[in-house]
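# Architecture and fold: a report
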Amino acid sequence: MNELLIKTYSIDALPLEVSFRPKVISIDFRPYTQKQQLNLLYEHSGGLINEIMHDYQQHYGHPLKISKRSLMAEIWGHLLAYRISLGLKKHLKVWPVQKLAKFAAFRSAIIDCGEAKVDTNRWFWDATAWAFFRKYR
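Residues numbered from 1 in each chain as written. Predicted model: local features only at pLDDT ≥ 70, side-chain atom pairs only at ≥ 80, totals over all residues. Heavy atoms only, no water.

## Notes on the overall build of the chain
- The number of helices and strands found in the chain is 5 helices and 4 strands.
- Along its sequence from the N terminus, the chain presents helices and strands in the succession β-β-β-α-α-α-α-β-α.
- By principal-axis analysis of the C-alpha atoms, the chain measures approximately 50 × 30 × 30 Å.
- For the chain, buried positions account for 39% of its 137 residues.
- Put simply, of all contacts in the chain between residues at least 6 apart along the chain, 65% involve residues at least 24 apart.
- Looking at the chain as shown, the accessible area adds up to about 8,300 Å², and 58% of this sits on carbon and sulfur atoms. (Helix = DSSP H or I, 4+ residues; strand = E, 2+ residues; numbered from the N terminus. Buried < 20%, exposed > 50% of the residue type's maximum accessible area, 1.4 Å probe, protein only. Contact = heavy atoms within 4.5 Å. Areas by Shrake-Rupley, 256 points an atom, 1.4 Å probe, with all protein chains shown as cover.)

## Considering the packing of helix H3 (residues 68–91) against helix H5 (residues 122–132)
- Where H3 contacts H5, the axes come no closer than 8 Å and their chain directions differ by 100 degrees. Looking at the two axes, H3 sits roughly perpendicular to H5. Listed contacts from H5 to Arg 69, Ser 70, Ala 73, Glu 74, Gly 77 and His 78 of H3 are Arg 122, Trp 125, Asp 126, Thr 128 and Ala 129.
- Residue classes in the contact of H3 with H5 are distributed as 3 nonpolar, 4 polar and 4 charged. (Axes fitted to C-alpha atoms, helices over the stretch in contact; angles between N-to-C directions. Parallel < 35°, antiparallel > 145°, perpendicular 65-115°, else oblique. Nonpolar A, V, L, I, M, F, W, Y, C, P; charged D, E, K, R; others polar.)

## A word on the nonpolar core
- Core analysis: the largest hydrophobic core is formed by 32 residues, its most contacted members being Ile 25, Ile 27 and Phe 29.
- Put simply, the parts of the chain that give this core at least two residues each are strand E1 (5–11), strand E2 (14–21), strand E3 (24–28), helix H1 (35–43), helix H2 (45–60), H3, helix H4 (95–109) and strand E4 (110–114).
- For Ile 27, the contacting residues outside a window of four places in its chain are Leu 16, Glu 17, Val 18, Ile 52, Ile 75, Ala 109, Ile 110 and Ile 111. (Core = buried A, V, L, I, M, F, W, Y, C linked by side-chain atoms within 4.5 Å.)

## So, the packing of H2 against H3
- Between H2 and H3, the least distance of the axes is 10 Å, while the angle of their chain directions is 125 degrees. Our classification of the angle between H2 and H3 gives oblique. Pair H2 / H3 crosses with right-handed handedness. Facing H2, whose interface residues are Ser 45, Gly 46, Ile 49, Asn 50 and Met 53, H3 presents Lys 68, Leu 71, Met 72, Ile 75 and Trp 76.
- Tallied by class, residues from the contact of H2 with H3 come to 6 nonpolar, 3 polar and 1 charged. (Left-handed = near helix turned anticlockwise from the far one by under 90°.)

Printed below as a string of structure tokens:
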């Protein structure tokens, strides 16, 4: 099955939209800008990954070829960049910083996680996962 699937997950009453395409998933964190909300997303990312992997396999009939560790590294990396960008945007009211922070927040809030054949950054997240996320297998 090659069609797009969009599913909304609930993390502690926060809806989180995930799009599924062959070899790629996209997670949209844009609705969340508050520290408490982002902390919840960090805390529950392991369970979210398990649900996403299960639903991908159910929909496409084969597993997504991304390790859980690599997916965790990418989600945490994007969430960290998103959180820093939001903080810069909020606290540094200097024009170039505002413009850069807005761009970085937009780019980091939507996470496109693809298999190595379609995601040119997969090697980076795999290396990061190997170094920092060994417990998420």
